[in-house]
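The primary structure of each chain is shown beneath.
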Amino acid sequence: MSDDFKQKLRDYKDGKLSGEEREELERELEKMEVYQSYLDEMMDLEEHAANTNPRPISDAEKKRHKREARLLRKGKWKARIGTAFTLIGFFIGFSILCSIGTSIFYEAGDPSFREINRDVVKSAFAVGYPNVTIQPNSNAGTYFNMKISGKMSKRIGDEQREVGDFSATYSFQWLRLYDFSWSDSSVAYKGFFLFPGNQGGDSGPEWTRLEKLPEGTVAEAYVSYKKLYSTDEFLKRFEGKHYDPLWFAVDNGDPDIKRFDGLVINPIGFPAMPVWHRGDGKVTEGPKQKVGPFVTMSSSSTSYPPIDPYGSGALREANFIKTLRVLYQHQRAAGSLVPSVDFKATLDYIEKNGVKIYGAVITGPTKDILKLKEDPEVSAIRIGEVALWNWRE
């Protein structure tokens, strides 16, 4: 019953209607009484028919009933299909809007959220996973999520060897899911170092393993030293040697070192090749080219500071501290990717005490690495991956 009709009934009761309006309303009420009587009569007949023996139904009535039932079903299905198409259309439109919004969200800012998330992933691998690198790819989804994925690899000798797959899913800026799918469970073990001044661990079996490995193989080794070095001092130890340093273990004041007799099972450090961040390089814009009536395009290139293979200590250390700051600024995601590290305490300690190195991951010919057994400054060694000869001559 409409609001206008209700108002008419109230005005009729209060005597506010004119004669003509009152007569029109009374005629409508009489029609409603007739309709109601007809409905009551039909319902009584149906109830009576249900409680008594039904009379025979003619063929014409059967056809009419079937036609009415068919029309009724058809009307119901049309309504259902119409509702379904409406919902599907709404869902498609909503998805399109969300997709556009997602692209805008992750590309917004300078640097964009896409760049920030990729930088955090690269930085976490560089700092917390010795000799493991990743080149992450990112793809924005539909509902304000973004997936970052990439192949994890290690350098063994002169070759990069894939050791697994990494994937992470961000919802807005929250790292919701992540997965390290290692190709071999032994590869997932990050190795250990021995902190200076401790006698924990026995490297005898590792030296024996190196001795047993045949000529013509290359190896990855975690080498610990008896004292702390500055970056420049440490790099000079490798000049002229037939193996390359890949990753450097840094003292971060971890209190668990004493508890484990000097064994550092979750080392923190930085790779030999710095992880460059936004603003580290010099951007050179190329010439602009017109590709349409209203569109021009230009290319750009970024050049980074040159690195001395056995020097550039100050530059390396500054890059390492900047990487720690990136992880501290995004410590929720960084803490998920490298769960054993307090980045705030690590950053405070290193900024106060400086970058001090006590170990390195190296790679090279097995027999050359074996010569480290005679180095009085080496305190421990652990052998990682081994491969057939691929070293440069």
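Here the structure is shown first, and the text comes after it.
One structure accompanies this document, and this report is about it.

So, how was this worked out
- One numbering rule holds for all chains: residues counted from 1, following each sequence as written.
- Residues qualify for local features only when their pLDDT is at least 70, as the model is predicted, and side-chain atom pairs are given and counted only at 80 or more; totals for whole chains, interfaces and linings, by contrast, use all residues.
- Note that the side-chain values use all heavy atoms of the structure and ignore hydrogens as well as water.
- Put simply, DSSP H or I for four residues or longer makes a helix, DSSP E for two residues or longer makes a strand, and each gets a number counted from the N terminus.
- Two residues form a contact once any of their heavy atoms are found within 4.5 Å.
- Two strands pair under a simple rule: DSSP has to find at least two bridges between them.
- Pairing of aromatic side chains requires ring centres within 6.5 Å, counting the rings of Phe and Tyr and the six-membered ring of Trp. Pairs whose planes differ by under 30 degrees are stacked, by over 60 edge-to-face, and all others tilted.
- We call a residue buried when its accessible area falls under 20% of the maximum for its residue type, exposed when it is over 50%, and partly exposed in between, using a 1.4 Å probe and counting protein chains only.
- Note on geometry: axes are lines fitted to C-alpha atoms, helical ones only across the stretch in contact, with angles between N-to-C directions running from 0 to 180 degrees.
- By definition, a salt bridge exists where a carboxyl oxygen of Asp or Glu is found within 4 Å of a side-chain nitrogen of Lys or Arg.

1. With respect to the environment of Val127
Now for step 1: By secondary structure assignment, the location of Val127 is in helix H4 (residues 113–128).
Now for step 2: Put simply, Val127 and Phe320 are 193 residues apart on the chain and 8.2 Å apart in space, counted from C-alpha to C-alpha.
Now for step 3: Aside from chain neighbours lying at most four places away, what touches Val127 is Trp247, Pro267, Ile268, Gly269, Phe320, Thr323, Leu324, Leu327 and Phe343.

2. Side note on the pairing of strand S5 (residues 174–182)
Now for step 1: As paired strands, strand S4 (residues 159–171) and S5 are joined by eight bridges and run antiparallel to one another. Across the sheet, residue Tyr170 finds its bridge partner in S5, namely Leu175.
Now for step 2: Where S4 hands over to S5, the hairpin turn is made up of two residues, of which Phe172 adopts a positive phi near 55°.

3. Here's the deal with the packing of aromatic side chains
Now for step 1: Taken as a whole and assessed by the stated rule, the structure comprises 21 aromatic pairs.
Now for step 2: Aromatic pair Phe125 and Phe180: ring centres 5.8 Å apart, planes at 45°, arrangement tilted. On the criterion of sequence distance, the pair formed by Phe125 in helix H4 and Phe180 in strand S5 is long-range, its members being 55 residues apart.
Now for step 3: Given the relative accessible area of 2%, Phe125 is considered buried.

4. Comments concerning the sheet that holds strand S13 (residues 357–365)
Now for step 1: Pairing is antiparallel across the open sheet formed by five strands, whose spatial order is S10-S8-S13-S7-S14. The outermost strands of the open sheet, each flanked by one partner alone, are strand S10 (269–271) and strand S14 (378–388). In this sheet, adjacent strand axes meet at a mean angle of 20° when their direction is disregarded.
Now for step 2: Taken together, the eight bridges between strand S7 (residues 217–229) and S13 define a ladder with antiparallel strand orientation. Looking at S13, one finds that Val223 is bridged to Ala360.
Now for step 3: Together, strand S8 (244–250) and S10 form the strand contacts of H4, whose direction differs from that of S10 by roughly 110°.

5. Details of the pattern of salt bridges
Now for step 1: Taken as a whole and judged by the stated rule, the model has 15 salt bridges.
Now for step 2: Among the salt bridges present, the one from Asp158 reaches Arg392, with a minimum N-O distance of 3.0 Å. Here Asp158 is found in the loop between strand S3 (145–156) and S4, whereas its partner Arg392 is found in the segment after S14, with 234 residues between them in sequence.
Now for step 3: Salt-bridge contacts for Arg161 lead to Glu385; the nearest nitrogen and oxygen are separated by 3.5 Å. Placement of Arg161 in strand S4 and of Glu385 in strand S14 is noted, with a sequence separation of 224 residues between them.
Now for step 4: Residue Glu385 is classed as buried on the basis of its relative accessible area of 16%.

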